[in-house]
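# Structure at a glance
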Amino acid sequence: MLRADIKKQGNPGGHSIISKTADVSPDIRIVYQITSPSSNLAEFVEKSILDLAVSSIRAKESFFSDFSFVLEKLNKHLREFSREYSTEGLSVFLSGLVGDELYFSILGRSTVYFVKHDQVMNIAQGMDTDGTEFSYVSSGAVGPGNTVFISNIDLLDHLSEDDLVDVSRIYANRWSVVDELMERETAEERADIIIVYNDAGKEKNTSGVEESKSTLATVFQQLGNAMESLKKNEFVGKIVGQVSQLIDLGNPTVRKIVFGLGVAVSVSLLYLVVSSVFSGQADTAIPEEYRQKLVDASAAIQKASKELGNPELFRTHMKEAEDLIFEVRDKQLFLNDVTKLLSDISVLKKEANGIESFSLTNDTLLYGSGSDVVGIFEESKRYYFLMKESVVGPYVHGGETKSYALPDGEEAASGDMVGDTLYILTATNRVLRFYKGEFSYVNVSGQPVWQSAETLHTYNSNLYLLSSTASGSDVARHRPGVNGFSAGSSIFSDVEASTQLFDFVIDGGFYLLKRDLMIDRVVSAPSYARKSIVINKLPDGYRLPENSPEPRMFLARSPYYLYVLLGNAVWVFEPNSKRFQDVTSLTYIGQLEPVGATIHTIYAPEDGTLIVGTDSGEVHTVKFEVTDGKIIVR
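Residues numbered from 1 in each chain as written. Predicted model: local features only at pLDDT ≥ 70, side-chain atom pairs only at ≥ 80, totals over all residues. Heavy atoms only, no water.

## Looking at the layout of surface pockets
- Each pocket or cavity is described by its volume, and for the second largest pocket that value is around 1,000 Å³.
- Taken together, 36 residues line the second largest pocket, and the ones lying closest to its centre are Lys349, Ala352, Asn353, Pro539 and Tyr588.
- Breaking the lining of the second largest pocket down by element, the ones donating at least two residues are α10 (311–330), α11 (335–353), β34 (569–575) and β35 (585–595).
- Among the residues forming the lining of the second largest pocket, the class breakdown is 14 nonpolar, ten polar and twelve charged. (1 Å grid on protein atoms, 1.4 Å probe; cavity = no way out; pocket = protein on both sides within 12 Å on 5 of 7 lines; lining within 4 Å. Points joined across faces, edges and corners; volume = space filled by probe spheres on them. Helix = DSSP H or I, 4+ residues; strand = E, 2+ residues; numbered from the N terminus. Nonpolar A, V, L, I, M, F, W, Y, C, P; charged D, E, K, R; others polar.)

## Some words on the pattern of salt bridges
- Taken as a whole, this structure holds 19 salt bridges when the rule is applied.
- The salt bridge partner of Asp23 is Arg29, with a shortest N-O separation of 2.7 Å.
- In this structure Arg29 comes out as partly exposed when scored by relative accessible area, which is 21%.
- Here Asp66 makes a salt bridge to Arg58, at a shortest N to O gap of 2.6 Å.
- Overall, Asp66 belongs to the buried group, its relative accessible area being 2%.
- Given a relative accessible area of 45%, Arg58 falls into the partly exposed group.
- Each of Lys514, Asp520 and Arg530 takes part in one network of salt bridges that share partners. (Salt bridge = Lys/Arg side-chain N within 4 Å of Asp/Glu carboxyl O. Buried < 20%, exposed > 50% of the residue type's maximum accessible area, 1.4 Å probe, protein only.)

## Notes on the sheet that holds strand β28 (residues 510–514)
- With respect to topology, four strands assemble into an open sheet ordered β27-β28-β29-β30, the strand pairing being antiparallel. One side of each edge strand has no neighbouring strand; the edge strands of this open sheet are β27 (501–506) and β30 (529–532). Strand after strand, the sheet turns through a mean of 20° between neighbouring axes, direction not considered.
- Pairing between β27 and β28: five bridges, direction antiparallel. Of the residues in β28, the one forming a bridge with Asp503 is Leu513. (Pairing = 2+ DSSP bridges. Axes fitted to C-alpha atoms, helices over the stretch in contact; angles between N-to-C directions.)

## Examining the environment of Lys537
- With respect to the secondary-structure elements, Lys537 resides in the loop between β31 (534–536) and β32 (552–556).
- For Lys537, a relative accessible area of 67% corresponds to the exposed category.
- For the pair formed by Lys537 and Ile589, sequence separation is 52 residues and the distance between their alpha carbons is 8.1 Å.

## Thoughts on the packing of aromatic side chains
- With the rule as written, the count across this model stands at 19 aromatic pairs.
- Seen from their ring centres, Phe434 and Phe439 are 4.9 Å apart, and the 50° between their planes marks the pair as tilted.
- With relative accessibility at 3%, the residue Phe434 sits in the buried group.
- Residue classification places Phe439 among the partly exposed residues on the basis of a relative accessible area of 21%.
- What links up through ring pairs into an aromatic cluster is the set Tyr367, Tyr383, Phe385, Tyr395 and Tyr603.
- Above the ring of Tyr441, the side-chain terminus of Arg430 is found at 3.8 Å from the ring centroid.
- Directly above the ring of Tyr511 sits Arg521, whose terminal nitrogen or CZ lies 4.1 Å from the centroid. (Phe/Tyr/Trp six-rings, centres within 6.5 Å; stacked < 30°, edge-to-face > 60°. Lys NZ or Arg CZ within 6 Å of the ring centre and 35° of its normal.)

Structure (structure tokens):
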């Protein structure tokens, strides 16, 4: 189990330095060091780190992806902060201790030395950034008797490698040794030193600890040896030449592109070397053609990262990279490299397609019941939550909320509100009316029973039911009468062939979501018309994922957006006109995607906020805004 100790030396010298640890779960601890000329900036970064770590890091099994998500969000927060305030001089070391594994990333500059026996290695070499965004994630095991030193200053400017080795070997009086050594130097700036060690070896003489291939020391020692031998390898020389022509990492602009995507797109040559170290395979054991395919794939990813604003070129380079990677994966070669490259592709696709992730936390929670949320509705600033077996409401923040069980063991399939009356379509194809805490069954005249239906919506006191048969789908309108509702009449023209539909919504006209995920528009004034509408800027991935529920549509009035809940993402579209009679096209804006939750339904109130209902029976508030045509979660 990894532990962390912190020692503060000297005067801050005008800088704010925060070095702390925090437990986010019984088996995960984060360790961070923030150095900034501004105390406000340092406190902002610390609060962001703690908020995101607590809300996003779930379990050790998913730590890498959770940690990467935290870095993505931190980069976004810092970009927003830098629009109004300077981040110059900011450096952050952020790490996670998970069992024997150390994961870390750096913003700006930090020194990180790994000590294995009498060897001292700088494992943060090449991770320095321009101080605006975090670099990639580095990780490895720290075995018993090994030590990692982290500091805001370069310790080797004040201590020798032998000093670090000596400190690493002594546990009981570690800090007294550091004090004695640092007193030899006159440091003008304060040195915060963090020591990470594996407490399984604290009572042992580490000089006799057997070498472990899984330790960071082994990886970086072999990496160094491999690099020396690779310099003499004609094939690798060719790779280096090709990569160097494509990527000028000395160029600050290029570095920002490469490392500015949350978790950076890594250089393929490093993948190849590290993969061979972990797999224990000699260079000659790997067919050169597959190494070349990964080099070419990485080069294609780099090209794609420069074409985020050009969808066609971006897709071309992405497809080229994916084809090469899948070919290598099919041969079961370089699997570590393949996984990381696919992760880089996922990050780039999210950036290109405007996908914004959000976390559901206690701060965003409105209500939680443990039952599936079927629908969310609002009347006079009071919410009603339609659960599978009950109605909850009216809900007022801070007030008492009542729950009413559906009668006769009924289960809700769909619902909608007219004024303060909630109409519920049940799984038995009956319609319930809920009004002021009371349920009653709704009659239909002119037909024996309510037709078999999947979805119920209301508009202008009418009920609209979506029904599907083998020949197509129909949307029937039922008008209110003296004793219930009238028989259904199709909203379609008598001569018009119907198509299979997933869902529909009403804004005066109708949006119809077809089975191919395209959208038709139906209006009746000044004359009946049904036509397909164009969806502009539609990215890749607009398809129904396997084993996911049928997609649903939702409308927001202000701003006037159309939402499609597809898989577990909310796709946001903006109509080309505020007048429902004049809508002829939609423009894709972006996607909202939850972390660690599954969305069942949403509601879009008129303030631009999404109310989200999940499979766990929780209802959360998600606030976002659209800036420069992109979605930003607030």
